[in-house]
Every structure is written in C-alpha cells, then in structure tokens.
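A closer look at the structure
Chain by chain, the residues run as shown.
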Protein chains: 2
Amino acid sequence: MAHSDTVDRILDAAEALFAERGFSETSLRMITSKANVNLAAVNYHFGSKNALIQAVFSRFLSPFSKSLEVELKRISDKHGDQPLSLEALLGVVTTCIVKVPSQSKTGVSAFMRLLGLAYTQSQGHLRKYLEEEYSSAFKLFMKHMRDATPQLSAVDRFWRIQFMLGTTAFTMSSSEALSDILENELQVRTSTEEIVQRLVPFLAAGLQAPLPK
Amino acid sequence: MAHSDTVDRILDAAEALFAERGFSETSLRMITSKANVNLAAVNYHFGSKNALIQAVFSRFLSPFSKSLEVELKRISDKHGDQPLSLEALLGVVTTCIVKVPSQSKTGVSAFMRLLGLAYTQSQGHLRKYLEEEYSSAFKLFMKHMRDATPQLSAVDRFWRIQFMLGTTAFTMSSSEALSDILENELQVRTSTEEIVQRLVPFLAAGLQAPLPK
DNA sequence: AAACATTCCAAACATATGTTTTAAACATAC
DNA sequence: GTATGTTTAAAACATATGTTTGGAATGTTT
C-alpha cells in the first residue's frame with residue numbers, strides 16, 4: 001500500500017499527543033505505543049521526529065489553506081471590486097477553520113491548539129517549513145486585510161494584525177485549560193466553536209478601535 | 001554570604017534562556033555554562049530544575065504583584081466608590097509592568113515572554129505554584145475588572161479577559177522579533193512603550209465590543 | 001515458484017538529560 | 001589552629017531520548 005495504515009495511525013497518535021503536551025514533551029515512544037506500532041516505524045516512514053511534526057501540520061494545514069484560498073477568491077469574485085468587509089473576511093477564515101477538520105478526524109480544538117503551538121513553541125524548522133509551504137494563502141489573506149482596513153496606516157495595521165494573530169494563537173493554544181478553569185468556576189462548558197464565535201467580535205472591534213494620538 | 005553571587009548568576013542565565021527557548025528546551029548545562037557556575041550548583045541551591053523555574057518566576061512576579069496591589073488600592077481609594085474606568089485600570093497594569101522590570105535586570109520583553117510561557121507551556125507544577133502565590137493580586141485585578149465592565153456577563157467577561165491576557169502576553173513575548181520584521185519592511189522602529197500604547201486601545205475596544213447573539 | 005521490494009520488529013547505539021556522590025576549597029566560630 | 005558548616009568542583013549515575021541496524025515477515029512481480 002502506498003499509504004499504509006501505520007502511517008495514519010502514527011499521524012493520529014502524534015497529532016493528539018502534540019496537541020495535548022507539546023512537541024518536546026512528547027516522545028516517539030509515547031506516540032508509537034499509543035499508535036500500537038513499532039518504535040522504528042516513525043523513522044522508517046517519516047525519517048525523523050521533525051519530519052513527523054511537519055507531516056502532522058501539513059495533513060490539516062494543506063486542506064485548510066486550499067479551502068481558504070478558494071473561498072476568498074470565490075467571495076471576492078462575487079463582490080466584484082467591492083472590498084470584503086472585515087467581518088466578512090474574518091467570517092471566511094473561521095468558516096474554513098471550522099469546516100476543514102471535520103473532513104479529517106481532527107477536532108477543531110486540536111487543530112487550533114497545534115496552530116497556537118506552532119506560533120509559540122517556536123521550533124525553527126517548523127516556522128521555516130510553514131512559511132515556505134503556506135505563504136501564498138497567507139499573502140492573499142493579508143491583501144484582503146489591507147483592503148478591509150483602509151483607515152489604518154501600514155504601521156498601525158501591522159501591529160493590530162499582530163495583536164489579532166497573537167490573541168488567536170494564544171487563546172487557542174490554551175483553550176482547553178481555560179475551558180477547564182471556567183467550568184470549575186462557573187459550571188459552564190465552552191466548545192471550541194463557541195470560543196471562535198466569541199473571538200471574532202473582540203478582534204473586529206480591536207482592529208477598528210479609534211487610533212490613539 | 002546568604003545570597004551568594006552564584007544564585008543570582010544562575011537566575012539571570014535561567015531567566016534569559018527560558019525566555020528565549022522555553023523550559024523543556026533549556027537544559028541545566030546550558031544554564032550553568034552561561035552562568036559560569038558548576039552544574040551541581042543548581043541542585044544544591046534550588047533542589048531541582050522545577051524549583052529553579054519557580055524561583056525565576058517569583059523573582060520578577062513578586063515585585064510586580066506587590067506593586068500592582070499597592071497601585072490598585074491607591075487609585076481606588078482616591079476614586080472613592082466610583083469604579084475605575086477600563087482605560088484607567090489597564091493604565092495601572094501597564095504602568096506596573098513597565099516599571100517593575102527596570103528595577104531588576106529583566107527587560108519588559110523577557111518579563112512578558114515568561115508570563116506567556118507560563119500560560120502556554122503549561123507545566124503542572126508552575127501553574128499550581130503561581131495560583132497559590134499570586135491569587136490575591138489576580139483576584140483584586142479581577143474585581144476591578146468586573147466593576148469596569150458591568151455590561152458583560154460573567155462568562156463573556158471571562159473569555160474577553162483571557163483574550164486580553166493572551167494578546168498582551170503574546171505580543172510582548174515576541175515584540176522584539178516583530179519590531180525587527182516591521183523595521184525591515186517599513187523602516188520604522190517601535191519601542192516597547194509604544195507597543196503598549198498601541199495595545200491598550202485595541203484591548204479596550206475588544207473588551208467593550210458589542211456582544212454577539 | 002522464485003526473485004524482488006517493502007514493511008515490520010526487537011535490539012542496540014549514541015547521546016543528552018536531571019540528579020547524586022565524593023572530595024576539595026573556603027569561610028566562620030570556638 | 002582546629003572544628004564545623006557551607007560552597008564549589010569534577011566525575012559518575014541512572015534514565016530517557018532520537019536514531020540506526022540486521023534480519024524476519026509480508027506483499028508484489030516475474
């Protein structure tokens with residue numbers, strides 16, 4: 001078989017464990033024993049642990065960036081030269097985020113947590129890999145972002161976009177822990193979808209906040 | 001000497017390396033060789049690596065939480081039963097953040113990055129320690145936060161505060177890298193103080209964003 | 001059926017890590 | 001000056017990690 005069952009079992013186990021514990025804190029032995037495969041299988045199929053990490057990312061990031069590019073082009077075609085509103089733009093992104101993982105086995109929560117880790121737990125090789133692989137989708141998103149916030153100067157826009165990405169990455173990377181805390185305090189459970197829904201207005205308002213002098 | 005030079009040198013080196021690379025990715029040997037002390041000194045003075053991590057945190061978190069409590073009480077006394085405005089409250093926090101590290105050798109950026117790591121790289125022992133040690137300052141801040149955002153439900157407020165903390169920790173933790181990128185792109189240099197000034201309106205607007213249904 | 005390629009497995013390997021041990025150097029008090 | 005407790009130094013220890021290896025099992029092709 002070109003894609004042995006083993007490969008998928010490893011990817012599933014790795015994805016879950018990485019999301020749960022981070023990269024350095026997850027050993028190959030944890031992964032292979034959760035996947036019920038031999039330890040050597042990882043190096044046989046992927047070559048190295050770093051390559052496995054990248055494979056885990058591309059499995060969910062590729063469909064996502066694909067879907068994002070398609071969706072953005074579709075909507076902006078429909079709108080002609082009218083630029084997308086900020087809300088619409090963020091809406092597209094969140095739609096793609098929520099849609100994609102359900103196609104694979106990954107939950108949205110693991111998906112987002114991995115994204116957060118990629119940002120935070122700065123593994124040099126990962127950052128490099130992601131930049132090379134997904135720069136086109138990212139640039140397209142940034143172009144729409146420019147059009148959606150014409151009132152901002154380039155510098156202002158730069159910082160606010162960083163704030164936005166930071167909020168998202170950070171919240172998602174600790175979303176589970178935060179949900180636990182909240183449940184403990186107020187006996188309310190918040191799903192990842194709901195967190196995203198809460199996040200969007202916060203971000204939109206922040207991006208459009210009146211400028212300081 | 002009660003507080004040998006060695007102890008401080010270890011703390012300085014550990015602080016810098018933790019901020020730069022994270023906890024698991026920083027070995028005791030890196031720390032001791034950067035600090036120019038013997039490997040065994042860490043276990044002698046602190047007992048374990050985990051204890052060292054906690055010591056690094058308390059060195060900068062204790063003065064900060066102290067200063068925050070004092071400052072909050074001072075200002076709220078001055079205002080009588082009038083609740084602090086959101087802007088004023090955030091102002092107090094940022095003032096304390098910017099003020100405290102300059103007393104020690106820590107830069108604001110390392111200070112914030114460590115906070116971010118504490119959140120993200122959730123080492124069980126650290127979370128527990130921080131909760132026990134600094135719950136009083138945190139609870140005081142949350143009380144004022146409640147008063148400053150009466151329009152929010154408890155759940156809404158919880159999440160928006162998390163968004164706010166996330167944005168701050170994340171931005172500050174990568175502020176240096178981001179400044180570099182911006183300078184490269186637009187030939188503009190942004191100081192940490194300016195970043196904070198840009199952050200506050202973003203956060204205030206996000207916190208007060210209209211609620212989704 | 002034989003030849004070949006691929007996949008799997010148990011064990012070994014080299015290295016890095018946190019921690020402990022042993023002894024020497026040092027300071028301080030009696 | 002000796003004794004006592006403290007700090008440093010170098011080495012050893014036990015363990016965990018990523019990776020490699022040689023061969024067995026399995027599948028595919030001729």
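Attention here is on the structure that accompanies the text. (Residues numbered from 1 in each chain as written. Chains lettered and ligands numbered in written order. Predicted model: local features only at pLDDT ≥ 70, side-chain atom pairs only at ≥ 80, totals over all residues. Heavy atoms only, no water.)

Right, let's talk about the overall build of chain A for a bit. Along the backbone of chain A there are ten helices and zero strands. Beginning at the N terminus, the succession of helices and strands in chain A can be written as α-α-α-α-α-α-α-α-α-α. Computed over the C-alpha atoms, the radius of gyration of chain A is 19 Å, within 12% of the 17 Å expected from 2.2 N^0.38 for a compact globule of 213 residues. Taking the principal axes of the C-alpha coordinates as reference, chain A spans close to 60 × 45 × 30 Å. Of all 213 residues assigned to chain A, the portion counted as buried reaches 53%. Considering only contacts within chain A whose residues lie at least 6 apart along the sequence, 72% involve residues at least 24 apart. Mean positive and mean negative side-chain charge positions of chain A (23 and 22 charges, respectively) differ by 4 Å. (Helix = DSSP H or I, 4+ residues; strand = E, 2+ residues; numbered from the N terminus. Rg over C-alpha atoms; globule rule 2.2 N^0.38 Å. Buried < 20%, exposed > 50% of the residue type's maximum accessible area, 1.4 Å probe, protein only. Contact = heavy atoms within 4.5 Å. Lys, Arg positive; Asp, Glu negative; His and termini not counted. Charge placed at Lys NZ, Arg CZ, Asp CG, Glu CD.)

Once that is clear, we can look at the pattern of salt bridges. According to the stated counting rule, one finds 18 salt bridges over all chains in the structure shown. With its nearest N and O atoms 2.9 Å apart, the salt bridge here joins Arg74 of chain A to Glu71 of chain A. Placement of the pair is Arg74 of chain A and Glu71 of chain A together in helix α4 (residues 49–78), with a separation of three residues, close to one helical turn. Classification of Arg74 of chain A by relative accessible area gives partly exposed; the value is 45%. A salt bridge links Lys73 of chain B to Glu69 of chain B; its shortest N-O distance comes to 3.9 Å. Of this pair, Lys73 of chain B and Glu69 of chain B both sit in helix α4 (residues 49–78), four residues apart, roughly one helical turn. Members of the salt-bridge network, linked through shared partners, are Asp12, Glu15 and Arg59 of chain A. (Salt bridge = Lys/Arg side-chain N within 4 Å of Asp/Glu carboxyl O.)

Along the chain, the position of Phe158 of chain B falls in helix α8 (residues 154–173). Separated by 16 residues in the primary sequence, Phe158 of chain B and Met142 of chain B place their C-alpha atoms 9.5 Å from one another.

Inspection of the region around DNA strand D gives 16 residues, with Leu28, Arg29 and Lys49 of chain A together with Thr6 and His45 of chain B positioned closest. Taking the atoms of DNA strand D that fall within 4 Å of the protein, sugar and phosphate contribute 49% of them. A distance of 3.4 Å separates a phosphate oxygen of DNA strand D from a polar side-chain atom of Asn43 of chain A. Taking Lys49 of chain A, its side chain carries an N or O atom lying 2.7 Å from a phosphate oxygen of DNA strand D. Elements with a contribution of two residues or more to the surface near DNA strand D: α2 (28–35) and α3 (40–45) of chain A together with α3 (40–45) of chain B. (Near = heavy atom within 4 Å. Polar contact = N/O pair within 3.5 Å; in protein donor to acceptor, adjacent residues only side chain to side chain.)

This part covers the protein's contact with DNA strand C. Lining the immediate surroundings of DNA strand C are 15 residues, of which Thr6 and His45 of chain A together with Leu28, Arg29 and Lys49 of chain B lie closest. The sugar and phosphate moieties of DNA strand C supply 50% of its atoms located within 4 Å of the protein. One of the backbone nitrogen or oxygen atoms of Leu28 of chain B is found 2.8 Å away from a phosphate oxygen of DNA strand C. Looking at the surface near DNA strand C, the element that brings in the most residues is α3 of chain A, giving three residues. Its residues assigned to classes, the surface near DNA strand C comprises six nonpolar, seven polar and two charged. (Nonpolar A, V, L, I, M, F, W, Y, C, P; charged D, E, K, R; others polar.)

For the pair chain B and chain A, the superposition axis carries a translation of 0.4 Å, the fit reaches an RMSD of 1.0 Å, and the rotation angle comes to 178 degrees. This pairing of chains is accounted for by a two-fold axis. Interface overlap between copies is the fraction of interface residues in one copy that are interface residues in the other; for chain B against chain A it reaches 95%, indicating a shared surface. (Least-squares fit on C-alpha atoms with pLDDT ≥ 70 in both.)

Counting across every chain of the model gives two cavities of 30 Å³ or more. Considering only enclosed or pocket space, the largest cavity measures out at about 40 Å³ in volume. If you trace the largest cavity, you find it lined by Arg198 and Pro201 of chain A together with Asp156, Arg160, Phe163 and Pro212 of chain B. Looking at the lining of the largest cavity, the elements that each hand over two or more residues are α10 (192–207) of chain A together with α8 of chain B. Broken down by element, the lining of the largest cavity gets its largest block of residues, three residues, from α8 of chain B. (1 Å grid on protein atoms, 1.4 Å probe; cavity = no way out; pocket = protein on both sides within 12 Å on 5 of 7 lines; lining within 4 Å. Points joined across faces, edges and corners; volume = space filled by probe spheres on them.)

Turning our attention to unusual backbone geometry. All names here are of chain A. In this structure, Asn36 is a non-glycine residue whose phi angle is positive, near 60 degrees. Examined against the element boundaries, Asn36 turns out to sit in the loop between α2 and α3. Exposure remark for Asn36: the relative accessible area of 64% places this residue in the exposed category.

All names here are of chain A. The first and last C-alpha atoms of α4 sit 44 Å apart over 30 residues, in line with the 44 Å expected at 1.5 Å per residue. The largest bend in α4 amounts to roughly 35 degrees and is located at Ser58. Phi turns positive one or two residues past the end of α4, at Gly80, with a value near 65 degrees. (Expected span 1.5 Å × (residues − 1). Bend = angle between axes of the 7 residues up to and from the residue.)

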